[in-house]
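Fold and contact review
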Amino acid sequence: MTPSRIILLASLFPIAEAQAQAYERARPDGNILCRSSRTFTYALATSTGHPTAEERAAVQAAVNTWRQAASSCSDLSFEQTAHVTDGKLPFADGRALIVFRPVKCADVVPDNDGCYTDGSCGEKFGCWSHESVSVVNAGTTWSTATREIVGARIELNASSGMLTTVDGPPCPQGTIGSDCVVGDVQSLVTRSIGEALGFALVARTDSTMSSRLDWGDTQTRTIDPGTLQGLCELYPRGQPTPGCTNVVPPDAGTPDAGTPEEPPPPKSGCSATPSVPLLGALVLLLGTRRRWLGL
């Protein structure tokens, strides 16, 4: 089935004081997103030197955090599929793809390359195309007709030296070391999986889904009570996800669910705001982008 349109939308959230509040569902255009499948599939994209053994372990720990939380109240399961080679990665095949970008596009892309025009440099060269001081860019793809989440992309900036996988104290503000924490991979992936499950980012800093990550913070490695409540309510064991009664599985009506047709690149007039950069070497703000498919 050929998509009729793609719109890129970047959502950036303000900083607010931590306070108790319920989870929020993603409503990028005012309507909730849904995931009908109770199997969350994900894959790692391989590129030169990445993911490292430590990065793989951090990703697995993030997945296990969600798996353990779901076991208390939900039949949601998590399944890793075969690795994919970095390059032109699919973004609407039902999986969440986790990609470590080892170099900045500015360092490898020729000045006259056409990818600057259509925004495809990251895919074409396997590079980080967002702000150089950002650490993550998470994207969700969904059908405009059914509200079904049909894919997700989690890009991590491995070119900046700010990604860390150690269990240690925060690095001194504004510095990066090998035995201390700056941008914790496990925390970043845990939060990004939440987006792929249909959770919205929130302003409060004590939430797994916080739009802000303090320098050296690892608290979002865990699922906070509000997000756990949301997981139990959105994916209740033996019951459908609320508000998703009209959602159809992404493979319905297609001849081959294993090889969905790749949507076209963004058209002119569409926009994408890059991830939010490091602010004053004190706070890592995390951006998100969402892709709409006219299915």
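Here the residue index of a chain counts from 1 through its sequence in written order. Two thresholds apply to this predicted model, a pLDDT of at least 70 for residue-level local features and 80 or more for giving and counting side-chain atom pairs, whereas whole-chain, interface and lining totals are computed over all residues. Excluded from the side-chain calculations are hydrogens and water; all other atoms, namely the structure's heavy atoms, are used.

Concerning the overall build of the protein chain
As a reminder, the rule being used: For the purposes of this entry, the term helix denotes a DSSP run of H or I that reaches at least four residues, the term strand denotes a run of E that reaches at least two, and both are numbered from the N terminus. The cut-offs for exposure are 20% and 50% of the maximum accessible area for each residue type, with area from a 1.4 Å probe on protein chains only; residues under the lower value are buried, those over the upper are exposed, and the others partly exposed. By definition in these notes, contact holds between two residues if any of their heavy atoms fall within 4.5 Å. For every accessible area listed, the method is Shrake-Rupley and the probe measures 1.4 Å; residues are considered covered only by the protein chains on display.
Each helix and strand in the protein chain was counted, giving 6 helices and 13 strands. A buried classification covers 50% of the 295 residues belonging to the protein chain. For the protein chain, contacts bridging at least 24 residues in sequence account for 73% of all contacts bridging at least 6. Per element, the accessible surface of the protein chain, about 12,600 Å² overall, is 53% carbon and sulfur.

Remarks on the nonpolar core
Under the convention used in this document: Remark: nonpolar core denotes a set of buried residues (Ala, Val, Leu, Ile, Met, Phe, Trp, Tyr, Cys) joined through side-chain atoms within 4.5 Å.
Ile98, Phe100, Leu156, Ile193, Leu197 and Leu231 are the most contacted members of the largest nonpolar core, which totals 43 residues. When contributions to this core are tallied by element, the ones reaching two or more residues are β2 (39-46), α1 (53-70), β5 (96-101), β7 (149-157), α5 (185-196) and α6 (225-234). For this core, the element with the most residues is α1, which contributes 7 residues. In this structure leucine 197 touches Arg35, Phe40, Trp66, Leu76, Ile149, Leu231 and Tyr235, once residues within four positions along its chain are discounted.

Some remarks on the packing of α1 against α6
Defined as follows: Lines are fitted to the C-alpha atoms to define the axes, a helix being fitted only along its stretch in contact, and any angle between axes, read from their N-to-C directions, falls within 0 to 180 degrees. In this scheme the crossing of two helices becomes right-handed for a clockwise turn of the near helix relative to the far one and left-handed for an anticlockwise turn of less than a right angle. Side-chain classes are defined by residue name, with Ala, Val, Leu, Ile, Met, Phe, Trp, Tyr, Cys and Pro counting as nonpolar, Asp, Glu, Lys and Arg as charged, and the others, Gly among them, as polar.
As a packed pair, α1 and α6 sit with axes 10 Å apart at the nearest point and diverge in direction by 65°. Considering the relative orientation of α1 and α6, their crossing is right-handed. For the pair α1 and α6, the contacting residues are Trp66, Ala69 and Ala70 in the first and Thr227, Leu228 and Leu231 in the second. Here the residues of the contact of α1 with α6 are counted per class, giving 5 nonpolar, 1 polar and no charged.

Here we look at empty space enclosed by the protein
Basically, it comes down to this: The method works on a 1 Å grid over the protein atoms by themselves. A cavity is a set of points holding a 1.4 Å probe that cannot get out, a pocket is an open set with protein on both sides within 12 Å along at least five of seven lines, and residues with an atom within 4 Å of a point line them. Grid points are joined across faces, edges and corners, and a volume is the space filled by probe spheres set on the points.
In the structure shown here, the tally under the stated rule is 3 cavities of 30 Å³ or more. The volume enclosed by the second largest cavity comes to roughly 50 Å³. Forming the boundary of the second largest cavity are Arg25, Leu33, Cys34, Arg35, Leu197, Gly198, Leu234, Tyr235 and Thr241. Residues belonging to the lining of the second largest cavity are distributed by class as follows: 5 nonpolar, 2 polar and 2 charged.

Re the confidence of the model for the protein chain
Cut-off, in case you're wondering: For every residue, the pLDDT score states the predictor's confidence, bounded by 0 at the bottom and 100 at the top.
Per-residue confidence for the protein chain gives a mean pLDDT of 78, with 74% of residues at or over 70. Here residues 1-20 scores under 50 on pLDDT; set against residues more than four positions off or in separate chains, the count is 61 contacts. Throughout residues 248-285 the model reports pLDDT below 50, and contacts reaching past four residues in sequence, or to other chains, amount to 78 contacts.

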